[in-house]
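What follows is the residue order along each chain.
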Amino acid sequence: MKKFDLNIDRMLENWEAFHAVREIIANALDEQALTSTPEISIARDAEGLWRIRDFGRGLSHEHFTMNENQEKLEHPGLIGKFGVGLKDALATFDRLGVETRILSKFCDVAFDRSEKHDFSDVITLHACISAPSDPTFVGTEFLLKGCSDEDVEKAKRLFLCFSGEEVLERTPYGEVLRKAGSVAYIYINGIRVAEEENFLFSYNITSLTAAIKKALNRERTNVGRTAYSDRVKSILLASSSEAVAKALVDDLGHFGSGTLHDEMKWADVSVHASKIANASGNFLFLTDEEIMDAPRFVEEARASGRQIVTIPSSVKEKLSGQVDAGGHAIQDLGNFVSAWNDSFEFKFVSANALTPGERSVFETTDRLAGLIGGLPSSVRKVRISETMRPETGSFSEARGLWTGEDIVVKRSELASIESYAAVLLHELGHARSGETDITIGFEQELTALLGKVAAEALREAAARAEEPQQAQARPRSPNLPDALHQQQAASLQTSPEKKSGFWARLFGKG
C-alpha cells in the first residue's frame, strides 16, 4: 500500500454531506459524457453502503492532484474539474465521518489522516492506495458508509437528469425546461446553480458566457441572476417551438392582473413569443385600453375562436409593423378590424320586420329629409341594419353610414325621433357634400343643414302659434255642447313647450 498526501486538512466548513455526494455524482456524469458509456448507477447495497459508479476509464492516483483536467475544460458540456471537486468532497466526508472507499481497475483506495511527510506535527488526509482487488473492473465506484438516504436524494435533485423536469426545447444556448414544481431552477450543463421563485420555466445553460464562468464558485451554488439572465434571454429568443411560445403568451395574458412571470417582463422576449404565437393565427394582441374601447371587436374575435392576449403598450409599440416567421402581419386590433371590414356584411331589416314604435320613427324619413329640401338624387334609399362597420379612424360601431348609394342607419337609432333624425341628417350631409368626416366641405354642408332645419322649425312654430287665434275667430258650432267647445279651445291653446320633445312637436306627435 502507498499513501498519497492529498494536501488538505479541513476545507469548506459550510459544506454538508449532500454537497460532497453531488461532486461524486458530477464526476461520474462527466465521465459518462466523455466516454459515451452507459448511465451511471446510484444504489444502496444490502450492507447499507451507498455505491456511486460510472462505467468509464477508471480512476487512478493522478486524479488526486489539484490540477484542472484539460480534457474537461475543453469539453463544451462539462464544468467538473477532477482534483478540485473530488478533493473537496473527500475532505467533507472526512470531516463528517463518512467512510469512503474507491474501486477501479487501477487501484483500491481508502482514506485516513496521517502525518505529513517530514512534518510529524502536521496531520493531513491521505489516500491509501492498494493494488486493485479486481483488475478487470469497469469504471469507478465510490462506496460511502455513514451517508444518509436523505443526503443522496438531496444531492441527486441538484442534477437535471434526476430532477423530473422535462426538456421543452433545445437551442444553441441551452434548454427550456418545464418546471417540476412551483420553483424554477437554473442549471449549468445539468447541475443546479440557482433557483428562481418567479420564473415561468427552468433553464439548462449549455453555452457559458464569461460572466457565468466568473460567477461559478467551488460550491456551484447561489450564482446570481446578473450572471445568467442574458443567457436565459438568449435561450428564449432562440426558441421557435409553439409549446414554449404559447406558454409565454398565455403568461403575457396576465399582464392586466400584474401576475406576470419575470421572463415576460423582458420586452424583447414578449415580442418574440408574440411573433411565434401569431403564426398559429389564433391570437389577437390587445392593450387594456383597446379592450375597453372596442368591446364589440373583442366579442367578434372571441366568437371567431381568437385568444385575446393582453399586452403592455411597450410591447404593442415594438410589435407594430412586425411580421411573424411566416411573413404574416401581427394580429393587432387595427389588422383585425381591417380584415373584419373586408368581410363585413350588413344585416338589413325590412320595414315590416320593425316593431310598431321603430316603424313609426322610420316613417318620418321623408318629412325629415323635407326639412332640407328632400332626399338628394344620389341617395337610392335609406336602409336599417342590425350591424354596422366601425367609424372611420375608430374601433366603435358607426351609428350610420353613407355607402355612396344608400344611407344605412343602425337599428338601435330608431329608439327615438331625436336619435334617428340626428343620424339621418348627418349622413345626408355626407351624401350632399360628397365629403368625409372632419373635412371643411362636410363641416360647411352640416352647418348649412342646421340652418335649414332651424328655419323650417321656426316656420312650423309660427304656423302653430296662429292656430289658436284662428280658432277663436271661428263661429260657434250649434251642434256642440258648451263643454266640448271649451275643451277644444283649451287643446288648441296648449303651448308647444308643453308637448313632449322638439321633433314630436315638429311632427305633431306630442
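Description of the overall build of the protein
Here's step 1: Helix and strand counts for the protein stand at 19 helices and 18 strands.
Here's step 2: Buried residues in the protein amount to 45% of all 510 residues.
Here's step 3: In the protein, the share of contacts with a sequence separation of at least 24, taken over all contacts with a separation of at least 6, comes to 65%.
Here's step 4: As displayed, the protein offers around 25900 Å² of accessible surface, 50% of which is attributable to carbon and sulfur atoms.

What about the environment of Gly 451?
Here's step 1: With respect to the element layout, Gly 451 can be found in helix α17 (residues 440-473).
Here's step 2: A residue is classified by how much of its surface remains accessible, and Gly 451, at 40% relative accessible area, is partly exposed.
Here's step 3: Along the backbone, Gly 451 and Ile 372 are 79 residues apart, and their C-alpha atoms lie at a distance of 9.0 Å.

Quick word on helix α16 (residues 417-433)
Here's step 1: Along its 17 residues, α16 runs 24 Å from first to last C-alpha, staying within 8% of the 24 Å computed at 1.5 Å per residue.
Here's step 2: Of the residues making up α16, those classed as buried are Ile 417, Ser 419, Tyr 420, Ala 421, Val 423, Leu 424, Leu 425, Glu 427, Leu 428, Gly 429, His 430 and Ala 431.
Here's step 3: Looking one or two places after α16, you find Gly 434, whose phi comes out positive at around 70°.

Side note on the sheet that holds strand β15 (residues 348-349)
Here's step 1: Overall, mixed pairing links the 4 strands, which are arranged β15-β16-β18-β17 in an open sheet. The strands lining the two open edges of the sheet, one partner per strand, are β15 and β17 (400-402).

Some thoughts on the packing of helix α1 (residues 17-35) against helix α4 (residues 149-156)
Here's step 1: Across the interface, α1 lies against α4 with an axial gap of 8 Å and an inter-helix angle of 55°. Classified by the angle between their axes, α1 and α4 sit oblique to one another. Regarding α1 and α4, the two cross each other, and that crossing is right-handed. On the side of α1, the interface is formed by Ala 17, Phe 18, Val 21, Arg 22 and Ile 25, while α4 contributes Asp 151, Val 152, Lys 154, Ala 155 and Lys 156.
Here's step 2: A per-class count over the contact of α1 with α4 returns 6 nonpolar, no polar and 4 charged.

Focus on α1
Here's step 1: Counted at 1.5 Å a residue, the expected span for α1 with its 19 residues is 27 Å, and the 28 Å between its end C-alpha atoms agrees.
Here's step 2: Following α1 by one or two positions, Ser 36 has its phi on the positive side, about 55°.

Side note on the pairing of strand β4 (residues 99-103)
Here's step 1: As paired elements, β4 and strand β7 (residues 140-145) share 5 bridges and run antiparallel to each other. Looking at β7, one finds that Ile 102 is bridged to Phe 142.
Here's step 2: Pairing analysis gives 2 bridges linking β4 to strand β5 (residues 108-116), with the strands arranged antiparallel. If you follow Leu 103 over to β5, its bridge partner there is Asp 108.

Overview of the nonpolar core
Here's step 1: Within the largest apolar cluster, 37 residues are counted, with the highest numbers of intra-cluster contacts made by Ile 186, Phe 201, Tyr 203, Leu 236 and Leu 248.
Here's step 2: Taken together, the elements giving at least two residues each to this core come down to β10 (184-188), β11 (191-196), β12 (202-205), α7 (225-238), α8 (242-252), α9 (267-278), β13 (283-286) and α12 (313-319).
Here's step 3: In terms of residue count, the dominant contributor to this core is α7 (5 residues).
Here's step 4: For Phe 201, the residues in contact, after removing those within four places along its chain, are Leu 168, Val 176, Leu 177, Lys 179, Ala 184, Leu 236, Val 244, Ala 247, Leu 248 and Glu 263.
Here's step 5: With 36 residues, the next largest nonpolar core counts Leu 6, Ala 28, Val 98 and Ala 127 among its residues.

Some words on the sheet that holds strand β8 (residues 166-171)
Here's step 1: Ordered by their spatial adjacency, 5 strands build an open sheet running β8-β9-β12-β10-β11, and the pairing between neighbours is mixed. Of all strands in the sheet, those bounded by a partner on one side alone are β8 and β11. Sheet twist, expressed as the mean angle between neighbouring strand axes with direction ignored, is 20°.
Here's step 2: As judged from the 3 bridges shared by β10 and β12, these two strands associate in the parallel manner. The partner of Tyr 187 across the bridge, within β12, is Asn 204.

Reading guide: rules and limits
Per chain, residues are indexed from 1 in the order of the written sequence. Where local features are concerned, this predicted model is filtered to residues with pLDDT of at least 70; where side-chain atom pairs are given and counted, the filter is 80 or more; whole-chain, interface and lining totals use all residues. Side-chain measures here rest on the full set of heavy atoms in the structure, leaving out hydrogens and waters. To qualify as a helix, a DSSP run of H or I must reach at least 4 residues; to qualify as a strand, a run of E must reach at least 2; elements of each kind are numbered from the N terminus. The buried label applies to any residue whose accessible area, calculated with a 1.4 Å probe on protein chains only, is under 20% of its type's maximum; exposed applies above 50%, and partly exposed to all values in between. Contacts between residues were defined by any pair of non-hydrogen atoms, one from each residue, lying within 4.5 Å. Here the Shrake-Rupley method, with its probe set to 1.4 Å, supplies the accessible areas, and only the displayed protein chains count as covering residues. Expected helix span is computed as 1.5 Å times (number of residues minus one). Should DSSP find at least two bridges between two strands, the strands are taken to pair. Only C-alpha atoms enter the line fits that serve as axes; for helices the fit covers just the stretch in contact. Angles between N-to-C directions range over 0 to 180 degrees. The cut-offs work like this: below 35 degrees is roughly parallel, past 145 is roughly antiparallel, 65 to 115 is roughly perpendicular, and the gaps in between are oblique. In this scheme the crossing of two helices becomes right-handed for a clockwise turn of the near helix relative to the far one and left-handed for an anticlockwise turn of less than a right angle. Amino acid classes used here: Ala, Val, Leu, Ile, Met, Phe, Trp, Tyr, Cys and Pro are nonpolar; Asp, Glu, Lys and Arg are charged; the rest, including Gly, are polar. Among buried residues, those of type Ala, Val, Leu, Ile, Met, Phe, Trp, Tyr and Cys that are joined through side-chain atoms within 4.5 Å constitute a nonpolar core.

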